[in-house]
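These are the residues of each chain, in order.
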Amino acid sequence: MAYRPALLYIDSAKYLVGSGGTAPEGYQAMLRLLDPVGGLALVAAVQHAFGLAMAVALYALLIRRGAPRWAATPAAAPVLLDAYQLQLEQTVMPDVLFETMIAAGLVLLLWPRRAASRDAWLIAAGALVLGAAATVREIGITLLVPVMIFAFLTGPGWRRRTARTALAAACFALPVLGYMSGAYYVRGDFGLGSNGPGPEYGRAAAAADCATLAVPASERALCPSPAQVRALGGIDGLLHNPRSPGHTVPVPPGLTRGQLLDRFSLAVFGQQPLRAAASAARDSVRLFALTRDGDPQITSIARWQFQTFYPTYPHRYTMAFFTRLAREHGSGGDLVAAEPAAALLRGYQLGGGYTPGPLYAAGLAAGLLGALSGLVRRRTVTAGTETAAAADTGLATACLLVTLAAVVLLLSSDAFEFSWRYQLPAVVMLPLAGALGVTAVAARVRRAIAAQNATGGTGRRTRPASAASDPRAPAAR
């Protein structure tokens, strides 16, 4: 109700009109289904419904996995209450669909099975959905690694593990290869998206030590000083500001601009890998900060915050441009930021209405502990040992999948550029990892205490008193 019919962003145009191959078009397929029916207002409504559905699915999964309600509730709450999540649900951008597909894939992979015959089907379905997520945002391709590791760890015996891993890899690759084949047929480009020339240049230029970097004279001007980086607005400015060296440096004959930027980036990564890694690591820990403060070195956080006016962007993305774009896609009338709803949303967001960084850190730590708990094996002689051990291993493997998927996805995004928008999947994945981790560790502790009580602290089963007094009972060995 606050922003009608929906919020538009700089990149919204390429999803509504077409990216020309610079980005995957899985999200555009959803827009083509919804636009003719209800315009941009329906798109926003469906994305809000996705947010509600994710919370319900995550809560249900945790309850089925044995998580206590006090752990399942805060794991599902962020996707409902985080204002940055709500802002992107109202925005015509692919991030919420991407999150929803990740959540759906994880739920399919982790849903408890009573029959072993269902394992392969759920693994195949989960891998298929996660592979399809790469057609919405291409960074989703990195989820192949945790999916294959999870499939390998869930089956007994080397043959079955190998078969499940191959099945998961094939199902993950199926939508990716299908999309790429279609792109080749339509555009002659076998890929998910070109992403523009030299997407690695921003990170490389921001991290480089120009004084010690050995590059040809034609590439020397591509290396900016720290003052230039700050003036341009960090990595985002290096990539998109027209005054960036990446846009202004002359291209030598025989090269394209993309090739020139790639050569410079490879030189930085090859000669100064620790500087590049440290630069990405400094950005990655921003997620765990207590507050969300603006920083000139990263993409402006104001882009993902509610405003008391309908937000536009200077020069090209004006109100007139956005109004024309909305009307072309079935939304009549003006773009509106309605008071007092807009002011209430902004006050909520800036006043702490978001998932605090320490909660993300706690979720990551608990997820890691839960995954490591599967490595701890105790030999006990209590009844039900095999069943308990299988339950422990299942929870630990679930922790490993979610935690590793979160780490791989977030670090891969940070390697190119930090943006609060790119951190949004953490709202779904890290609280889920934390709740699973708490459940796994608590179950391990309970069973260890039960085993200790059953053996009387000796490591051997304590014989009942009646058996000890019976002269016919066999001697304890």
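Please refer to the structure placed before this passage.
Because the structure is predicted, anything quoted here is derived from the model rather than measured.

### Overview of the state of the cysteines
Where two cysteines share a covalent bond between their sulfur atoms, that bond is called a disulfide. According to the stated counting rule, one finds one disulfide in the structure shown. Put simply, cysteine 210 and cysteine 223 are joined by a disulfide, and their sulfur atoms are 2.0 Å apart. One disulfide, between cysteine 210 and cysteine 223, carries an S-S torsion of -95° and so falls in the left-handed class. Taken together, the positions of cysteine 210 in the loop between helix H9 (201-207) and helix H10 (217-220) and cysteine 223 in the loop between H10 and helix H11 (226-232) put the pair 13 residues apart, joining distant regions of the chain. You can call cysteine 210 partly exposed: its relative accessible area is 21%.

### Some details on a nonpolar patch on the surface
A contiguous nonpolar surface patch, about 370 Å² in accessible area, is contributed by Leu52, Leu80, Leu81 and Tyr348. Tracing the backbone through its elements, the reader meets leucine 81 in helix H3 (residues 69-81).

### Some details on the packing of helix H2 (residues 26-64) against helix H20 (residues 426-454)
Between H2 and H20, whose axes approach to 11 Å, the crossing angle comes to 15°. The orientation of H2 relative to H20 falls into the category roughly parallel. For the pair H2 and H20, the crossing hand works out as right-handed. Here Met54, Leu58, Leu61 and Leu62 of H2 come into contact with H20, specifically with Val428, Leu432, Ala435 and Leu436.

### A word on the packing of H2 against helix H5 (residues 95-110)
Direction vectors running N to C along H2 and H5 enclose 40°, while the axes themselves pass 9 Å from each other. When the axes of H2 and H5 are compared, the pair comes out oblique. Helix-helix and strand crossings are classified by hand; for H2 and H5 the assignment is left-handed. Listed contacts from H5 to Gly26, Tyr27, Met30, Gln47, Phe50, Met54, Ala57 and Leu61 of H2 are Val96, Leu97, Glu99, Thr100, Ala103, Val107 and Leu110. Here the contact of H2 with H5 is composed, by residue class, of eleven nonpolar, three polar and one charged.

### Some details on the side chain of histidine 329
Here histidine 329 shows up in the loop between helix H16 (319-328) and strand E2 (336-337). Residue histidine 329 is classed as buried on the basis of its relative accessible area of 14%. For histidine 329, the side chain forms a polar contact with the side chain of aspartate 35, separated by 3.0 Å.

### Digging into the packing of aromatic side chains
All chains considered together, the criterion is met by twelve aromatic pairs. Taken together, a centroid distance of 5.5 Å and an interplanar angle of 85° make the contact between tyrosine 317 and phenylalanine 321 edge-to-face. Seen in terms of ring centroids, phenylalanine 418 and tryptophan 420 are 5.1 Å apart; in terms of plane orientation they differ by 85°. Their pairing is edge-to-face. Classification of phenylalanine 418 by relative accessible area gives buried; the value is 1%. The class for tryptophan 420 is buried, based on a relative accessible area of 9%. Taken together, the aromatic side chains of Tyr9, Trp304, Tyr313, Tyr317, Phe321 and Phe322 make up a single cluster linked through ring pairs. Seen from the ring of phenylalanine 98, arginine 137 lies directly overhead, with NZ or CZ sitting 5.1 Å from the centre. Cation over ring: arginine 292 sits above tyrosine 84, and NZ or CZ is 4.7 Å from the ring centre.

Thresholds applied
- Residues numbered from 1 in each chain as written.
- Predicted model: local features only at pLDDT ≥ 70, side-chain atom pairs only at ≥ 80, totals over all residues.
- Heavy atoms only, no water.
- Disulfide = S-S within 2.5 Å.
- Helix = DSSP H or I, 4+ residues; strand = E, 2+ residues; numbered from the N terminus.
- Buried < 20%, exposed > 50% of the residue type's maximum accessible area, 1.4 Å probe, protein only.
- Patch = residues over 30% accessible without salt bridge, like charges linked within 9 Å, V, L, I, M, F, W, Y side chains within 5 Å.
- Areas by Shrake-Rupley, 256 points an atom, 1.4 Å probe, with all protein chains shown as cover.
- Salt bridge = Lys/Arg side-chain N within 4 Å of Asp/Glu carboxyl O.
- Axes fitted to C-alpha atoms, helices over the stretch in contact; angles between N-to-C directions.
- Parallel < 35°, antiparallel > 145°, perpendicular 65-115°, else oblique.
- Left-handed = near helix turned anticlockwise from the far one by under 90°.
- Contact = heavy atoms within 4.5 Å.
- Nonpolar A, V, L, I, M, F, W, Y, C, P; charged D, E, K, R; others polar.
- Polar contact = N/O pair within 3.5 Å; in protein donor to acceptor, adjacent residues only side chain to side chain.
- Phe/Tyr/Trp six-rings, centres within 6.5 Å; stacked < 30°, edge-to-face > 60°.
- Lys NZ or Arg CZ within 6 Å of the ring centre and 35° of its normal.

Shape descriptors only; they carry no functional weight alone.
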